[in-house]
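What follows is each chain in one-letter form.
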Amino acid sequence: MNASLDSAHSVLYEPPGPRTQRIMRIATVLSIAVVVLLGAVVVYRFYITGQLQPRLWNFFLLPSTWRFLGQGFLGTLSIAVCAGALSLALGLVLMLCRISHNVVLTWVARILIDFFRGVPSLLLIYFCFLVIPRYGIKLASFWMITLPVACAAAAVLAEVFRAGVHAVGKGQKEAARALGFSRWQVLKLVVLPQAIRYVIPALISQLVVVVKDTTVAYVVSYPDLMQNARVLITNYDALVSVYFVIAAIYILVNWGLNSVSVRYARGGRVSAAAAGGTGGAGTGSFAAGAAAGGVSGAAGTLGASLPADMPITDMPPTVEMREL
């Protein structure tokens, strides 16, 4: 496995020679020096403008401050979790409509996806906050921020799901059709389980975007982390210190989500390589079984996925081959 990864890396990137490595080390040292110098300049500017005075930082030692920020963080977390769950469901529905053979559903899904991908989330929030109430529809502030964020994320996730569906080998779909599976059974039993596994790192990364989109909840006065931070700024007149701490919290949260995504992506590549090296039992070897042993070989490979009410002996001798 390592040999194959190294060979692929050598094809794409030429290993740096001694001169290039020396240039890289010099560039690294210079970059670190520039970053340290810029940090020193920023700290000095904070010092001469009085932003490092103890009164602007001492309130972070109070338990009430962190309790107040914790309440705002729970508000941000609730929006992110609810919007993430809704975006997953809506994105899956949009993807199914997008790949449907029904022309009307396909075009409706395409229009919705392009619309929500092209319109900024903040504009959707203002629409829910200013326009919808004029028609007698009153939404809680929680839904004024959750629904726009979910719709914007759903449009992106629909394309992510569609990419995962197209990543599944065509031979697996044809082999399943040869076994007599309907198009829906192929999608449900063969394609979707693999497609979702392929795109899980991208789904986790999209949660980072959802979390960042919740920072505009102050527009609808929802008590999230940013809104509570604005209250602290008003009470203590500490703009820089409060935003510095809030930025650190968001960085830690997003870094944690990115770390989970990277770890899962690496684990998925290792598992896929191991499965391919040992023969790939399961859905990954479905197409190979069909190619090597015909219908019976494919049936043995995907026997666990066969519906209980569809024995192989009852299948018609010939099945029309159609692309999923």
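Per an unreviewed UniProt entry, the protein goes by ABC transporter, permease protein and derives from Fannyhessea vaginae PB189-T1-4. Per UniProt, the protein carries the Sequence similarities (unreviewed entry) text "Belongs to the binding-protein-dependent transport system permease family." Check the Subcellular location (unreviewed entry) section of the UniProt entry for the protein; it says "Cell membrane".

Here we look at unusual backbone geometry
The general pattern is negative phi for most residues beyond glycine and trans for most peptide bonds. A positive phi angle, near 60 degrees, is found at Ser221, a position not held by glycine. Looking at the secondary structure, you find Ser221 in the loop between α8 (183-213) and α9 (225-236). Residue class for Ser221 comes out exposed when judged on its relative accessible area of 53%. We note that Asp237 has phi near 55 degrees; this positive angle belongs to a residue other than glycine. Summarising the element assignment, Asp237 is placed in the loop between α9 and α10 (239-277).

Details of the packing of aromatic side chains
Each aromatic ring pair is specified by the distance between its two centres and by the angle formed by the two planes. For the coordinates displayed, the defined rule picks out 8 aromatic pairs. Ring plane angle 70 degrees and centroid distance 6.1 Å describe the contact between Trp57 and Phe244, whose orientation is recorded as edge-to-face. Taken together, the residues span a long stretch of sequence, with Trp57 in the loop between α2 (18-48) and α3 (63-98) and Phe244 in helix α10 at a distance of 187 residues. The exposure class assigned to Phe244 is exposed, which follows from its relative accessible area of 54%. Through a chain of ring-to-ring contacts, the aromatic side chains of Trp57, Phe59, Phe60, Trp66, Tyr236 and Phe244 assemble into a single cluster. The lysine or arginine in question, Arg110, covers the ring of Trp107, its NZ or CZ lying 4.6 Å from the ring centre.

Cut-offs applied
- Residues numbered from 1 in each chain as written.
- Predicted model: local features only at pLDDT ≥ 70, side-chain atom pairs only at ≥ 80, totals over all residues.
- Heavy atoms only, no water.
- UniProt positions renumbered as here; feature names shortened; annotations may be inferred.
- Helix = DSSP H or I, 4+ residues; strand = E, 2+ residues; numbered from the N terminus.
- Buried < 20%, exposed > 50% of the residue type's maximum accessible area, 1.4 Å probe, protein only.
- Phe/Tyr/Trp six-rings, centres within 6.5 Å; stacked < 30°, edge-to-face > 60°.
- Lys NZ or Arg CZ within 6 Å of the ring centre and 35° of its normal.

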